[in-house]
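Chains, contacts and geometry: an overview
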Amino acid sequence: MSEDVLSFEEAMERFDPVLGFEVHVELNTNTKMFDAAPNTFGDEPNTNITPVSLGLPGVLPVVNGKAVESAIKLGLALNCSIAEKCHFARKNYFYPDTPKNFQTSQYDEPIAFDGQLELELEDGTPFTIEIERAHMEEDAGKLTHVGGATGRIQGAAYSLVDYNRSGVPLIEIVTKPIVGAGSRAPELARVYVAAIREIVKNLGISDARMERGNVRCDANVSLMPKGTTEFGTRSETKNVNSLRAVERAVRFEIQRHAAVLSAGEKIVQETRHWHEDTRSTTSGRPKSDADDYRYFPEPDLVPVVTTEAWIEELRAQLPEPPAQRRKRLKAEWGYSDEEFRDVVNAGVMDEIEQTIATGASPAVARKWWMGEIARLAKQAEVEIVDLPVTPAHVVEVNALIDEGKINDKLAKKVIGFVVEGEGSPSEIVEARGLAVVSDDGALTAAVDDAMAQMPDVVEKIKGGKVQAVGALIGPVMKATRGQADAGRVRQIILEKLGVQG
């Protein structure tokens, strides 16, 4: 069912957006939040479970100490205050992916609170996001709806539930209402989630793979008519798991809200589902308030108590702050302001750093990540980091070029085949016969054919117009499927014609 929307420009003329984000970060601890079941991705369904994971009668949870440390580190990285003492609470709701019929979370006593995060938009404009809280909880299981056209429960014949994810440690980061973004609200959404992903990745507390759901965003949007200050009714687009989708979902919801309000109708406070194929949202369920979850203190868990010494010990373990790291890397790599900003906005700073550490120059690393790899990602409509290309692949491709085994044109083909999963660059060159043709016999034959077909060009070269050699190199490259060594082809042509290059 399609939704009426206003153009984004018209929506911005009439309304001011108010945003709020709830970002869920899955931690990469060895075990789950409250039991000893393994915390691993991609295993066979319902194999990483224990009686605690399933909420069987008589079981008792135990808090994962490593998860608590990770939560404190994240709170410190977000410039939050850390609670001296905090409790867990039961969030009661009934759904097949929550076998206990409640989620163990935190309610009025989060581990971290009152923080802020300094961001830069694409053009360098600063923006501060106020953090309300970061609290610990457990993830739900995963439902797979079978049958139907959408993969959702509506129209499905039946559903399968996998409890491997049930109980995986989560930290939920909740912002305060965000005003003042104006027409840059969608961009701000993407930049904020990218910043959270960068922080948790650098902290080493999460794999931060959005396509796996390691980082998921619930994006809240409401609108205020221009000149007013009272917040409107919000909608919450749930579990958006890519930077591109977060930006598009916020943009769409702004346009949808604007159309509803401009028609004199009311916004329904509800959850929404994002559909990447139609780039739109659809209604989920009425949004519950805290009272509906009947929170109460978890009786089976003792409070988490922190000390100043423990907090300072964890603070000392924090990596270099993101802003400081960016400044250092920009200076080390010698990128211009615009070049470095493009790298940051593309989300490949870590990949370029690893590529350089593996042996490539800063210029080579940027050339491939911001060039051919970025092009392939755009073509596939995915984030660059979601492509199966690694820094080691880039270094290997560049080594093949330096060794003269392939040229730049062939290297682009090789990268494409890496993305398609055909193997390492060296394996692809061998299997597909993509090595540069440097055999003089084969090259000489191709040069003779080109010269026979273009006698006028030959005469120009003999007459001193050496730059015309390029017109002969083209047909030779075509005849060898782009695999000829262009430098050697030029040399052969000049030698045949007795012309000095």
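Scroll up to find the structure this text is about.
In this text the structure is predicted, and so the values were computed from the model without any measurement.

What follows covers the sheet that holds strand β7 (residues 126-138). On the basis of which strands lie adjacent, the open sheet formed by 9 strands has the order β2-β6-β7-β10-β1-β11-β12-β13-β14 and mixed pairing. Lying at the two open borders of the sheet, with one neighbouring strand each, are β2 (81-82) and β14 (280-286). With 2 bridges connecting them, β2 and strand β6 (residues 112-120) associate as antiparallel partners. What sits directly across from serine 81, in β6, is phenylalanine 113. Taken strand by strand, helix α3 (residues 185-203) contacts β1 (15-26), β6, β7, β10 (169-175) and β11 (215-225), and its axis lies near 20° from that of β1.

This paragraph deals with the environment of valine 414. With respect to the helices and strands, the residue valine 414 is situated in helix α12 (residues 408-419). With 179 residues separating them in the primary sequence, valine 414 and serine 235 have C-alpha atoms 45 Å apart. The residues touching valine 414, leaving out its near neighbours within four places in the chain, are Val397, Ile406, Pro425, Ile428, Val429 and Leu434.

The next point concerns the sheet that holds strand β5 (residues 102-105). With antiparallel pairing, the 3 strands of this open sheet are ordered in space as β5-β4-β15. Sheet topology places β5 and β15 (296-297) at the edges, where each strand pairs with a single neighbour. Relative to β15, strand β4 (residues 89-92) is paired through 2 bridges, and the arrangement is antiparallel. Looking at the pairing, arginine 90 lines up with phenylalanine 296 of β15.

Conventions we followed
Residues numbered from 1 in each chain as written. Predicted model: local features only at pLDDT ≥ 70, side-chain atom pairs only at ≥ 80, totals over all residues. Heavy atoms only, no water. Pairing = 2+ DSSP bridges. Helix = DSSP H or I, 4+ residues; strand = E, 2+ residues; numbered from the N terminus. Contact = heavy atoms within 4.5 Å. Axes fitted to C-alpha atoms, helices over the stretch in contact; angles between N-to-C directions.

None of the figures reported here should be taken as evidence of function without further support.
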